[in-house]
Amino acid sequence: MTSPVWHPFTQHGLNEPIPHIVSAEGPLLHLADGSTLIDAISSWWVTTHGHCHPRIAAAIAQQAGTLDQLIFAGYTHAPAEEVARGLIALAPRAAGQPDLAHVFYSDSGSTAVEVALKMALGYWHNLALDGLADARSRILVLEHSYHGDTIGTMSVGERGVYNAAWTPLLFDVDTIPFPAPGREQACLDALEAACAQAPAAFIVEPLVLGAGGMFVYSADLLRAMAAICRRHDVLFIADEVMTGWGRTGTLFACEQAGVVPDIMAVAKGITGGSIPLAATLATTPVFAAHHSTDRARLFYHSSSYTANPIACAAAAANLAIWREEDVLGRIARLAQAMAERLTDLAGGPAFANPRQAGTIAAIDLVARDAGYLSDLAPRLRAFFLEKGLLLRPLGNTIYLMPPYCLDASQLDRIFAALHAAGEKFGLHA
């Protein structure tokens, strides 16, 4: 029987198989046919400690029998309060920079970024109403960025086939060139010139650009970009939806640069990947610009499930894991093991441009058929599925972002499949 389900990022006209997953544990996915897949990309970068983590699952079950849902406009509950305090305690800090001190909940990475953009524009709008600044509305973005699939997040992301149909709805932005090797100073010069024109904010994915191609840049460049924004009084927004929760080797990528953003979006791993939740953290100046006795100046954003108690309970359990277990030690060991295998893979003729940040690793398969819409990507997906792996290459770019519980034998299986893919699909094949 044909399924009525319309899957995301899936061209149903190609009639590709859609595996039916029935259960999961750790880094493994179990299929209806009895086979097993290694989840090498954490089910779209969300699963950190492994699937169905007992501690998180128990917290969800307990909360579901206590308080399942509550309107969050004018009401609160213990899990939301606990998570907010926990996020603030774990957020990046640096001398001389205002702390992230306020937490606004939402339900996905896209909405967390939408909230960040609205906070930034609201900040300048309200300062202008008070005569404290000129109104600002221009947003600066980094080339090759991806921030989500809602209208605002598509507007601040790379333009292409994946959002061309909605171009009339997207607002204009100014794009700063990506600091590729040899173009670092050009990036900083462009940002300096753009900030001199008094935009509202600059939004970045810190250290690693995800869906745009897994492009990596240094903490020094991130620090320099943030410093330029501070000099020009431009709000600095860090989209840590993908890079947060240990993916780059530290809890948040901004820590490696000693940067505290004015606004920071987090999601994906906030619940360990178990249930949807997101948050946007802001400094006190951003919050204060919306704080008023005038009800017309409140922050107009919400969703029905803002700060859902069950999702917050999962997040609280995740935060406890981070506080009480050696998660960063697991990440360091996994990152080192990945680095050793990535170096070996890059030594062959089939691959080029290896890059890594923490447990995010990517490499390009040398092939004639490259690019996001190449026929190579679905062929690689099918090949990896046959090898018992969940991988979703970006064109000819193969990337890994596994759960931190992955063991050495499972990592060996992944890299053996990558070697085999190079032999089968590489330009020399």
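The model shown is predicted, which means the values in this text are computed figures rather than measured ones. (Residues numbered from 1 in each chain as written. Predicted model: local features only at pLDDT ≥ 70, side-chain atom pairs only at ≥ 80, totals over all residues. Heavy atoms only, no water.)

A few words now on the overall build of the protein chain. Per the secondary structure count, the protein chain includes twelve helices and 16 strands. Of all intrachain contacts in the protein chain linking residues separated by at least 6 positions in sequence, the fraction that spans at least 24 positions is 71%. Roughly 18,900 Å² of accessible area belongs to the protein chain as shown, and the carbon and sulfur atoms make up 57% of that amount. For the protein chain, the centre of its 27 positive side-chain charges and the centre of its 40 negative side-chain charges are spaced 1 Å apart. (Helix = DSSP H or I, 4+ residues; strand = E, 2+ residues; numbered from the N terminus. Contact = heavy atoms within 4.5 Å. Areas by Shrake-Rupley, 256 points an atom, 1.4 Å probe, with all protein chains shown as cover. Lys, Arg positive; Asp, Glu negative; His and termini not counted. Charge placed at Lys NZ, Arg CZ, Asp CG, Glu CD.)

What follows deals with the UniProt feature "binding site: substrate" (unreviewed entry) in the protein chain. Under the UniProt annotation, "binding site: substrate" (unreviewed entry) lies at Trp44, Tyr146, Lys268, Ser302 and Arg392. For the annotated residues, spread through 349 residues, the largest C-alpha to C-alpha distance comes to 32.2 Å, inconsistent with a single compact locus. With respect to the helices, strands and loops of the structure, serine 302 is situated in the loop between α8 (284–290) and α9 (309–324). Its relative accessible area of 52% is what places serine 302 among the exposed residues. Tracing the backbone through its elements, the reader meets arginine 392 in the loop between β15 (389–390) and β16 (397–400). Excluding its chain neighbours within four sequence positions, the residues that come into contact with arginine 392 are Phe9, Ile41, Trp44, Arg381 and Tyr399. At 3.4 Å, the side chain of arginine 392 forms a polar contact with the backbone oxygen of phenylalanine 9. (UniProt positions renumbered as here; feature names shortened; annotations may be inferred. Buried < 20%, exposed > 50% of the residue type's maximum accessible area, 1.4 Å probe, protein only. Polar contact = N/O pair within 3.5 Å; in protein donor to acceptor, adjacent residues only side chain to side chain.)

This paragraph deals with the side chain of aspartate 239. With respect to the helices and strands, aspartate 239 occurs in strand β10 (residues 235–239). Buried within the structure, aspartate 239 lacks any salt-bridge partner; its nearest side chain of opposite charge belongs to lysine 268, at an N-O separation of 8.7 Å. (Salt bridge = Lys/Arg side-chain N within 4 Å of Asp/Glu carboxyl O.)

Of the two faces of strand β5 (residues 139–142), both are covered, the one formed by Ile139 and Val141 as well as the one formed by Leu140 and Leu142. Two strands pair when backbone bridges link them, and β5 and strand β7 (residues 201–204) are joined in this way by three bridges, in the parallel orientation. Within β7, the residue paired with leucine 140 across the bridge is phenylalanine 202. Sheet analysis places β5 next to strand β6 (residues 174–176), joined by three bridges and oriented parallel. In the strand pairing of β6, leucine 142 is matched with isoleucine 176. (Pairing = 2+ DSSP bridges.)

Next up on the list: the sheet that holds strand β14 (residues 360–365). With antiparallel pairing, three strands are arranged side by side in an open sheet as β13-β14-β16. The open sheet has two edge strands with one neighbour each: β13 (351–357) and β16. Each strand axis lies, on average, 15 degrees off the axis of its neighbour in the sheet, ignoring direction. Bridge analysis of β14 against β16 gives four bridges, and the strand direction is antiparallel. Opposite aspartate 364, over in β16, you have threonine 397 as the bridge partner. Sheet strands in contact with helix α10 (residues 327–346) are β13, β14 and β16, and its direction is about 170 degrees off that of β13. (Axes fitted to C-alpha atoms, helices over the stretch in contact; angles between N-to-C directions.)

So, on to the packing of aromatic side chains. Evaluated as defined, the whole model comprises twelve aromatic pairs. For the pair phenylalanine 178 and tyrosine 217, a centre-to-centre distance of 5.9 Å together with 85 degrees between the ring planes defines the contact as edge-to-face. With phenylalanine 178 in the loop between β6 and α6 (184–195) and tyrosine 217 in the loop between β9 (215–216) and α7 (219–231), the pair connects residues that are 39 residues apart, well separated along the chain. In this pair, the class of phenylalanine 178 matches that of tyrosine 217, namely buried. Here tryptophan 245 and tryptophan 322 contribute two aromatic rings whose centre-to-centre distance is 6.4 Å and whose plane-to-plane angle is 55 degrees, an arrangement assigned as tilted. Here tryptophan 245 is found in the loop between β10 and β11 (263–266), whereas its partner tryptophan 322 is found in helix α9, with 77 residues between them in sequence. Each member of the pair, tryptophan 245 as well as tryptophan 322, carries the same accessibility label: buried. (Phe/Tyr/Trp six-rings, centres within 6.5 Å; stacked < 30°, edge-to-face > 60°.)

Here the UniProt feature "modified residue: N6-(pyridoxal phosphate)lysine" (unreviewed entry) sits at Lys268. Here lysine 268 shows up in the loop between β11 and β12 (278–283). Look at lysine 268 and you get partly exposed, because its relative accessible area is 25%. Beyond its immediate chain neighbours, meaning those up to four positions away, lysine 268 contacts Trp44, Trp45, Val46, Val241, Met242, Gly273 and Leu277. Within the local environment of lysine 268, its side chain forms a polar contact with the backbone oxygen of tryptophan 44, the two atoms lying 3.2 Å apart.

Time to look at a nonpolar patch on the surface. On the surface, Phe9, Trp44, Val161, Tyr162, Tyr372 and Leu373 cluster together to form a nonpolar patch covering roughly 610 Å² of accessible area. Secondary-structure assignment places valine 161 in the loop between α5 (151–155) and β6. The class of valine 161 is exposed, set by a relative accessible area of 54%. (Patch = residues over 30% accessible without salt bridge, like charges linked within 9 Å, V, L, I, M, F, W, Y side chains within 5 Å.)

All right, on to the environment of histidine 51 then. Inspection of the secondary structure assignment puts histidine 51 in the loop between α1 (42–45) and α2 (54–64). Between the C-alpha atoms of histidine 51 and cysteine 405, which are 354 residues apart in sequence, the distance is 9.5 Å. In this view, histidine 51 contacts Ala24, Glu25, Gly26, Leu28, Leu29, Asp39 and Ser43; residues no more than four positions away in its chain are not counted. A distance of 2.8 Å separates a polar atom in the side chain of histidine 51 from a polar atom in the side chain of aspartate 39.

A separate point is unusual backbone geometry. Most of the time, phi is negative for any residue but glycine, and the peptide bond is trans. The phi dihedral of tryptophan 45 is positive, around 75 degrees, even though this residue is not glycine. Mapped onto the elements of the fold, tryptophan 45 is located in helix α1. For aspartate 233, which is not glycine, the phi torsion reads 60 degrees and is therefore positive. Summarising the element assignment, aspartate 233 is placed in the loop between α7 and β10. Residue class for aspartate 233 comes out partly exposed when judged on its relative accessible area of 43%.

The subject of this paragraph is α2. What α2 keeps buried is the set Ile56, Ala59 and Gln63. In a view along the axis of α2, the buried residues occupy a sector of 60 degrees, so they form one face of it. Exposed positions of α2 whose direction lies more than 90 degrees from the buried face are Pro54 and Ala61. Those residues of α2 hidden inside the fold are in contact with α3 (78–90) and α9. (Arc of directions from axis to C-beta.)

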